[in-house]
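This is what each chain is made of:
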Amino acid sequence: MPHNNVKLQHIIENICSTGCERVYEIIAIMERRESIEETSQLNSQESEIVLQELKNIMAVYKQK
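Conventions we followed
Residues numbered from 1 in each chain as written. Predicted model: local features only at pLDDT ≥ 70, side-chain atom pairs only at ≥ 80, totals over all residues. Heavy atoms only, no water. Core = buried A, V, L, I, M, F, W, Y, C linked by side-chain atoms within 4.5 Å. Buried < 20%, exposed > 50% of the residue type's maximum accessible area, 1.4 Å probe, protein only. Helix = DSSP H or I, 4+ residues; strand = E, 2+ residues; numbered from the N terminus. Patch = residues over 30% accessible without salt bridge, like charges linked within 9 Å, V, L, I, M, F, W, Y side chains within 5 Å. Areas by Shrake-Rupley, 256 points an atom, 1.4 Å probe, with all protein chains shown as cover. Salt bridge = Lys/Arg side-chain N within 4 Å of Asp/Glu carboxyl O. Contact = heavy atoms within 4.5 Å.

Peer 1: Hey, could you go over the nonpolar core for me, with residue numbers and the actual values?
Peer 2: In terms of nonpolar packing, the biggest core is built from 15 residues, with Ile-15, Val-23, Ile-26, Ile-27, Met-30, Val-50 and Leu-54 touching the most fellow members. Elements that contribute at least two residues to this core include exactly helix H1 (6-16), helix H2 (20-31) and helix H3 (44-63). The greatest single-element share of this core, amounting to 5 residues, is contributed by H2.

Take a look at the structure:
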């Protein structure tokens, strides 16, 4: 998680709090480069960081 960026950390935590199913939906939406409310204020680099972090987090669940 981007510990040095409180804004991104907060967004990632909020998205994760919505549950695994919604996180997977958000990942799919973001991969299509579509806008979602949670990331609408981010630039493309920040959005990419959030997307990658969400993927990393969800990869842990797939390993179980």
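Peer 1: Lay out unusual backbone geometry with the relevant residues and their values.
Peer 2: Among all residues save glycine, negative phi is the norm, and among peptide bonds the norm is trans. Despite not being glycine, Arg-33 shows a phi value in the positive range, around 65 degrees. Relative to the elements of secondary structure, Arg-33 occurs in the loop between H2 and H3.

Peer 1: Residue-level account of a nonpolar patch on the surface, with values.
Peer 2: Taken together, Tyr-24, Val-60 and Tyr-61 make up a surface patch of nonpolar side chains, about 280 Å² in accessible area. Mapped onto the elements of the fold, Val-60 is located in helix H3.

Peer 1: Residue-level account of the side chain of Ser-47, with values.
Peer 2: You can see Ser-47 is positioned in helix H3. Using a relative accessible area of 18% as the deciding quantity, one classes Ser-47 as buried. Apart from residues lying up to four places away in sequence, Ser-47 is in contact with Met-30, Thr-39 and Leu-42.

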